[in-house]
Amino acid sequence: MSKVCIVTGGTRGIGFATVEAFLKDGYKVVLYGSRKETVEKALEELNHNPDVSGRFTSLTDEEAINRDFDEIKAELGSIDVLINNAGISDSTKFADYTVEKFEKIMNLNVIAPYVCSHAAARIMQEQGHGVILNTSSMVSKYGQPSGVGYPVSKYAINGMTISLARELGKFNIRVNAVAPGITMTDMVRALPDQMIQPMIQAIPIKRIGLPEDIAKAFLFLASDEASYITGAILPVDGAMIA
Ligand code: NAD
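Worth saying up front: this structure is predicted, and the values here are computed from it rather than measured.

Enquirer: Describe in detail the overall build of the protein, supporting the description with residues and values.
Expert: On a plain count of helices and strands, the protein comes out with nine helices and seven strands. Oriented by its inertia axes, the alpha-carbon framework of the protein measures out at about 50 × 35 × 35 Å. Of the accessible surface of the protein, which amounts to about 12100 Å², a share of 56% is contributed by carbon and sulfur atoms.

Dropping the structure here:
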């Protein structure tokens, strides 16, 4: 029977590439997006592959996510891998920061992975195995010069990853994170060449990361090849120092 993987924020960017990689590897995938339209568009781009379905439940609605994950387990037989990928960034100056802005970032980048991990871990514990993968960032090592909420949220994700790895290891649940560097998603693609070139020069490996680079790291960490790896924050950043 195919393994089952849930990917939050699977409608574009890193999440979409991850959905494609897991499908190619033979998984059944459930992708989450923020809106019905974007979920439908992603499923269309995947040619309505019967091995993928989509949902747009709010990731911070604990009751609804618990219900969803129970349905997924009943329909597909298991939840083998959860990838907490949905996230938002921000570069607001500290002087202009507000509690509302801070809460918005923390809600999607920290509370949502907590809610989804909690719901998945309950099922993974019952079935006797599972892998939870989080999406950190290079800014969790270096901070960033504006937009304080984002690096705070990614430091928090590192803490959640290491702590849950320690707590859930005894249930045969591994928990790891991937920490991407600058990755070529729509946002980066829209930047003018004169901004992109200096970025490339600052990356020792001399190219910007591709969503597929991050997807491959998720695939490895989800696989049995990584069966003794848990509590790791894997940088996939071409050795860039922010
Ligand atoms: P993206 O903006 O291209 O995609 C974000 C995804 O999150 C989308 O699928 C979107 O539907 C979902 N999303 C956004 N708001 C949501 C909400 N309120 N509720 C539910 N889902 C929502 O982003 P990306 O660049 O592919 O980033 C994916 C992850 O990688 C994020 O956690 C991000 O912090 C992290 N990351 C990205 C980079 C980069 O350079 N792109 C670098 C480091 C870390």
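Next comes the rest of the description.
Enquirer: Describe in detail empty space enclosed by the protein, supporting the description with residues and values.
Expert: Under the criterion given, the structure shown has one cavity of 30 Å³ or more. Computed from the structure, the largest cavity encloses a volume of approximately 30 Å³. If you trace the largest cavity, you find it lined by N84, N85, A86, N109, P113, T135, K154 and I157. Secondary-structure elements contributing two or more residues to the lining of the largest cavity are α4 (99-127) and α6 (149-168). Residue composition of the lining of the largest cavity, grouped by class: three nonpolar, four polar and one charged.

Enquirer: I'd like to hear about α6, residue by residue, with values.
Expert: Taking 1.5 Å per residue, 20 residues should reach 28 Å; α6 reaches 28 Å between its end C-alpha atoms and fits that length. Listed as buried for α6 are G149, Y150, P151, S153, K154, I157, N158, M160, T161, A165 and L168.

Enquirer: Describe in detail unusual backbone geometry, supporting the description with residues and values.
Expert: In this model, H48 sits at a positive phi of 50°, which is unusual for a non-glycine residue. By the secondary structure assignment, H48 is in the loop between α2 (36-45) and β3 (52-55). In this structure H48 comes out as exposed when scored by relative accessible area, which is 55%. Despite not being glycine, A239 shows a phi value in the positive range, around 65°. Turning to its location among the elements, A239 is positioned in the segment after β7 (233-236).

Enquirer: Can you lay out the packing of α4 against α6 for me, pointing to particular residues and giving the numbers?
Expert: When two helices pack together, their arrangement is given by the angle between the helix axes and by the axis-to-axis distance. It is at 9 Å that the axes of α4 and α6 come closest, and there the two elements cross at 15°. Accordingly, the angle class assigned to the pair α4 and α6 is roughly parallel. For the element pair α4 and α6, the recorded crossing hand is right-handed. When α4 is examined against α6, the residues F102, I105, M106, N109, V110, P113, Y114, S117 and A121 are found in contact with a partner set consisting of G149, Y150, V152, S153, K154, A156, I157, M160, L164 and L168. In terms of residue class, the contact of α4 with α6 is built from 14 nonpolar, four polar and one charged.

Enquirer: So, the layout of surface pockets: which residues are in play, and what are the values?
Expert: In this structure, the largest pocket spans a volume of roughly 1600 Å³. Along the wall of the largest pocket there are 48 residues; nearest its centre are G87, I88, S89, Y150 and M187. Breaking the lining of the largest pocket down by element, the ones donating at least two residues are α1 (13-24), α6, α7 (186-189) and α8 (193-201). Taken together, the residues that form the lining of the largest pocket break down as 20 nonpolar, 23 polar and five charged.

Enquirer: I'd like a rundown of the site of the ligand, residues and numbers included.
Expert: In the neighbourhood of the ligand, 22 residues make up the surrounding shell, with T11, I14, N85, Y150 and T183 lying closest. Separating an oxygen atom of the ligand from a backbone N or O atom of I14 is a distance of 2.8 Å. N85 has a polar backbone atom sitting 2.8 Å from an oxygen atom of the ligand. The protein chains hide 83% of the 830 Å² of surface that the ligand would expose on its own.

Enquirer: Pulling in residues and values, what's your account of α1?
Expert: Taking 1.5 Å as the rise per residue, α1 with twelve residues should run 16 Å; its terminal C-alpha atoms sit 17 Å apart, in good agreement. Along α1, nine of the twelve residues are buried, which leaves the element largely enclosed by surrounding structure. Within α1, the full set of buried residues consists of I14, G15, F16, A17, T18, V19, A21, F22 and L23. Among the residues trailing α1, G26 stands out with phi positive, at a value near 95°.

Criteria and cut-off values
Residues numbered from 1 in each chain as written. Predicted model: local features only at pLDDT ≥ 70, side-chain atom pairs only at ≥ 80, totals over all residues. Heavy atoms only, no water. Helix = DSSP H or I, 4+ residues; strand = E, 2+ residues; numbered from the N terminus. Areas by Shrake-Rupley, 256 points an atom, 1.4 Å probe, with all protein chains shown as cover. 1 Å grid on protein atoms, 1.4 Å probe; cavity = no way out; pocket = protein on both sides within 12 Å on 5 of 7 lines; lining within 4 Å. Points joined across faces, edges and corners; volume = space filled by probe spheres on them. Nonpolar A, V, L, I, M, F, W, Y, C, P; charged D, E, K, R; others polar. Expected span 1.5 Å × (residues − 1). Buried < 20%, exposed > 50% of the residue type's maximum accessible area, 1.4 Å probe, protein only. Axes fitted to C-alpha atoms, helices over the stretch in contact; angles between N-to-C directions. Parallel < 35°, antiparallel > 145°, perpendicular 65-115°, else oblique. Left-handed = near helix turned anticlockwise from the far one by under 90°. Contact = heavy atoms within 4.5 Å. Near = heavy atom within 4 Å. Polar contact = N/O pair within 3.5 Å; in protein donor to acceptor, adjacent residues only side chain to side chain.

Note that every value here comes from positions in space, so none of it alone points to a role or purpose.
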